[in-house]
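Analysis of the macromolecular model
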Amino acid sequence: VFTITLFLISFALSILFIVSYLYLKISLPSIYKLKHYRPRQTNVVYDINGNIIAFLGTPRRIFVPLNKIPPYVVKAFIAAEDANFYKHKGIDFLSLLRALYKDIIHGKIVQGGSTITQQVVKSLLLTPERTIRRKIKEMFLAWQIEKYLTKNQILTIYLNHIYLGEGAYGVEAAALTYFNKHVWELNLNEAATLAGLPPAPSRFNPIRNMELAIKRRNYVL
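Overview of the structure. If you're wondering where the values come from, they're calculated on a predicted model, not measured in any experiment.

Cut-offs and rules
Residues numbered from 1 in each chain as written. Predicted model: local features only at pLDDT ≥ 70, side-chain atom pairs only at ≥ 80, totals over all residues. Heavy atoms only, no water. Core = buried A, V, L, I, M, F, W, Y, C linked by side-chain atoms within 4.5 Å. Buried < 20%, exposed > 50% of the residue type's maximum accessible area, 1.4 Å probe, protein only. Helix = DSSP H or I, 4+ residues; strand = E, 2+ residues; numbered from the N terminus. Contact = heavy atoms within 4.5 Å. Phe/Tyr/Trp six-rings, centres within 6.5 Å; stacked < 30°, edge-to-face > 60°. Lys NZ or Arg CZ within 6 Å of the ring centre and 35° of its normal. Polar contact = N/O pair within 3.5 Å; in protein donor to acceptor, adjacent residues only side chain to side chain. Salt bridge = Lys/Arg side-chain N within 4 Å of Asp/Glu carboxyl O.

Moving on: unusual backbone geometry. Between Thr58 and the following residue, Pro59, the backbone shows a cis peptide bond with an omega angle of -10°. Look at Glu166: it is not a glycine, yet its phi comes out positive at around 55°.

Shown next as structure tokens:
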């Protein structure tokens, strides 16, 4: 009797898993457009001395390929947002458990545990609602994306799409907004400052909250 019961339970769980998998696969948005990522961009207006005087068009985003972004800028974002980026397959279960522990300790959501791949999913494919259902979808899509895109392709999308405060999307627009420099002209401290912005761009804004921005920069470094 025990063996039959165990078999029936296993069979029922298997059916539930298959149905859930098929439902997710059918209901989730397509990741195909990420393969040919072409974001909306803005135009930059300079004065005769090369200083920026205006951005025309929204959102304020200027696409740059990954080979124009210095390695230390890339490493700063990885260190701050997803230290195991090159090791996981879209989901970092250790980070999820660590985030869950901190959320329980504080009695509220203080850390999300999302990988860079999951952040790409959240920004481009799903709504920002904070529900368990959306989190499951986010994880499933992140797992799919890691099979569909290379790590460099994922980083290219992330670094050009992420919101970094002051109306700036992506590292090039943020570098021009905060430091009046192209991203390839940033020094290490400036790169670390930008990398510290994603969790709370307004809070760690170096223009408005220099003290907090420096603390966050030091953490990234």
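Residues Leu34, Ile69 and Phe77 are the most contacted members of the largest nonpolar core, which totals 48 residues. Elements represented by at least two residues in this core include exactly α3 (71–81), α5 (116–124), α6 (132–148), α7 (151–161), α8 (171–179) and α9 (188–195). Among the elements that line this core, the one with the most residues is α3, at six residues. Here Phe77 is in contact with Asp82, Ile116, Tyr158, Leu159, Leu164, Val171, Leu194, Ala195 and Pro198, once residues within four sequence places are set aside.

Before going further, it helps to examine the packing of aromatic side chains. Applying the stated criterion to the full structure yields six aromatic pairs. Seen in terms of ring centroids, Phe140 and Trp143 are 5.8 Å apart; in terms of plane orientation they differ by 55°. Their pairing is tilted. Placement of both Phe140 and Trp143 in helix α6 is noted, with a separation of three residues, approximately one turn of the helix. Classification of Phe140 as buried rests on a relative accessible area of 11%. What makes Trp143 partly exposed here is its relative accessible area of 34%. Judged by centre distance (4.8 Å) and plane angle (50°), the rings of Tyr163 and Tyr169 are tilted. Assessed through its relative accessible area of 28%, Tyr169 is described here as partly exposed. Geometry around Phe55 places Arg60 over its ring, the cationic atom sitting 4.4 Å from the centre. We note Arg216 situated over the ring of Phe204; from NZ or CZ to the ring centre the distance is 5.3 Å.

Quick look at α9 now. Of all eight residues that make up α9, six are buried, and the element is covered over most of its length. Buried residues of α9: Glu190, Ala191, Ala192, Thr193, Leu194 and Ala195, and no others. Residues of α9 that are buried sit in contact with α3, α8 and α10 (210–220). For α9, the capping residue at the N-terminal end is Asn187, with a side-chain oxygen 3.1 Å from the backbone nitrogen of Asn189.

Right, let's talk about the pattern of salt bridges for a bit. With the rule as written, the count across this model stands at six salt bridges. Across the pair Glu138 and Lys135 runs a salt bridge whose closest N-O atoms are separated by 3.2 Å. Note that Glu138 and Lys135 are positioned in helix α6 at a spacing of three residues, about one turn of the helix. Residue Glu138 is classed as buried on the basis of its relative accessible area, which comes to 0%.

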